[in-house]
Amino acid sequence: TMVAALLRAVPVGMTVIFVLAVVLMNFLARITLVSLPWLALNAGITVSWVPFLFVDIVTRHFGAKAANMLSVVAIVVNLIVCFFSVLIGRLFDHPSLDMVVGGQWSILLASTIAYLIAALTNNYTNVFLGRRFFRQNPDGRKAFAVRSYISTFLSQCVDNFLFVFLAFVVFPNLPGALPVHWTVAQCVGASVLCAVLELLSEVVFSPLGYHVAQKWKEKNVGEEYLEKYCPNGVLES
């Protein structure tokens, strides 16, 4: 009931963009863009900042619990998409299909674990910073920026390292996994560099995120959800 109420409360277009970004992260992550002895980057970085900007907006307006629930919803949709992708790949054994869906289980499992832990890290860090440093004005522009920047950088480091370490170090030798191998040095380099690049994306687009959050507040978006599930304020939910 709570999840259904939240899905009614959050604008549908925003939720669709969020879920699509999470699914795209999963598919693009199998494509390596840069491969150096000390660094490797995958194509997932092109959209990975979108989900974290979205959950920062949701955390600010609805609280960490709401952002966590939407993250789980996105993961469930991602699992469904990957299930059908693998099914199609098994039913129609064709090289071009294998390029799109082959080895999907290893990417799927790595991305699911990494994104779930990173989302929880992001959402609770964002709330902690609001409680600890901005309790008097948690909705101000400065508060939104600081909470978003720090939580994004920390969670992206967690997400990037866990994903590439699991997908390209732990899983590649297992049956049916994507046979792409990275070194631990490449994983560390990628996690830090990607976190910096994604933080820069957050800096560029956070004014847009703040504007959206302000519009939600002015228009009382999700008022029914807030009254029922956040009676003590979003910092406590």
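Residues numbered from 1 in each chain as written. Predicted model: local features only at pLDDT ≥ 70, side-chain atom pairs only at ≥ 80, totals over all residues. Heavy atoms only, no water.

### A word on the confidence of the model for the chain
Okay, so step 1: When pLDDT is averaged along the chain, the result is 84; 92% of the residues meet or exceed 70.
Okay, so step 2: Confidence scores differ between elements of the chain, with helix α5 (residues 95-101) showing the lowest mean pLDDT of 55 and helix α1 (residues 2-9) the highest of 92. (pLDDT = per-residue confidence, 0-100. Helix = DSSP H or I, 4+ residues; strand = E, 2+ residues; numbered from the N terminus.)

### Things to note about the packing of helix α7 (residues 141-170) against helix α8 (residues 184-218)
Okay, so step 1: For the pair α7 and α8, the least separation of the axes is 7 Å and the interaxial angle reads 150 degrees. Relative to α8, the crossing made by α7 is right-handed. (Axes fitted to C-alpha atoms, helices over the stretch in contact; angles between N-to-C directions. Left-handed = near helix turned anticlockwise from the far one by under 90°.)

### A closer look at the side chain of Arg-147
Okay, so step 1: As for its position among the elements, Arg-147 is in helix α7.
Okay, so step 2: Using a relative accessible area of 2% as the deciding quantity, one classes Arg-147 as buried.
Okay, so step 3: Side chain to side chain, Arg-147 and Asn-126 meet in a polar contact 2.7 Å long. (Buried < 20%, exposed > 50% of the residue type's maximum accessible area, 1.4 Å probe, protein only. Polar contact = N/O pair within 3.5 Å; in protein donor to acceptor, adjacent residues only side chain to side chain.)

### Here we look at the state of the cysteines
Okay, so step 1: Enumeration according to the criterion identifies zero disulfides in this entry.
Okay, so step 2: Cys-187 carries a free sulfur, and the closest cysteine sulfur to it, the one in Cys-194, is 11 Å from it.
Okay, so step 3: Cys-194 forms no disulfide, and the closest cysteine sulfur to it belongs to Cys-157, at a distance of 9.6 Å.
Okay, so step 4: Residue classification places Cys-194 among the buried positions, given a relative accessible area of 7%. (Disulfide = S-S within 2.5 Å.)

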